[in-house]
Amino acid sequence: MLQILNLKQENLVAAKISGKLTEKDMEKMHPLIHQIIEKGHKVDFYFEMEDFEGYTLKGFWEDLKIDSAHLGDYGKMAFVGNKKWQEWAAKATDFFIKSEVKFFDIKNKEQAMTWVSTKG
């Protein structure tokens, strides 16, 4: 499940994710990405993972399609969680996407938000 967080930053998509992300979850995020790009900004992301289990197959496919269409449109990505595999997933994302990607332990979520919100 994807729950969009309202943080009022015009270039940030922030979400709490739990369970498995589905195709419908990814379809919720795509218009938000376009709104930011249309304003001439790079898209920054803050993902807070709580009991996150990964993706459904269709959800994973939809995420790949969105990411491949917007590779040059992404800025920073902060992944916040408490499991080692989540940290590895963030590092894998860093390898494939031309963004600055960082993993933060759940106890450091304020630090993650500060990092993703800082330009430069």
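Residues numbered from 1 in each chain as written. Predicted model: local features only at pLDDT ≥ 70, side-chain atom pairs only at ≥ 80, totals over all residues. Heavy atoms only, no water.

Peer 1: For the nonpolar core, give the residues involved together with the corresponding values.
Peer 2: Nonpolar side chains tend toward joint burial in soluble globular proteins. In terms of nonpolar packing, the biggest core is built from 19 residues, with Ile17, Met29, Ile33, Val43, Phe45, Phe47 and Tyr74 touching the most fellow members. Of all the secondary structure elements, the ones that give two or more residues to this core are strand E2 (12–21), helix H1 (23–38), strand E3 (43–55) and strand E4 (74–81). In this structure, phenylalanine 47 is in contact with Ala15, Ile17, Met29, Ala78, Phe79 and Val80, ignoring residues within four places of it in sequence. Counting residues in each nonpolar core, the second largest holds ten residues, with Leu12, Val80, Phe104 and Ala112 among its members. (Core = buried A, V, L, I, M, F, W, Y, C linked by side-chain atoms within 4.5 Å. Buried < 20%, exposed > 50% of the residue type's maximum accessible area, 1.4 Å probe, protein only. Helix = DSSP H or I, 4+ residues; strand = E, 2+ residues; numbered from the N terminus. Contact = heavy atoms within 4.5 Å.)

Peer 1: I'd like a description of the packing of aromatic side chains, backed by residues and values.
Peer 2: Applying the stated rule across the entire model yields six aromatic pairs. For the ring pair phenylalanine 47 and phenylalanine 79, a centre distance of 5.5 Å and an interplane angle of 35° mean the geometry is tilted. Placement of the pair is phenylalanine 47 in strand E3 and phenylalanine 79 in strand E4, with a sequence separation of 32 residues. Among the residues examined, phenylalanine 47 registers a relative accessible area of 9% and is labelled buried. The buried category is assigned to phenylalanine 79, whose relative accessible area is 12%. Three or more aromatic residues joined by ring pairs form one cluster here, namely Phe45, Phe47, Tyr74 and Phe79. (Phe/Tyr/Trp six-rings, centres within 6.5 Å; stacked < 30°, edge-to-face > 60°.)

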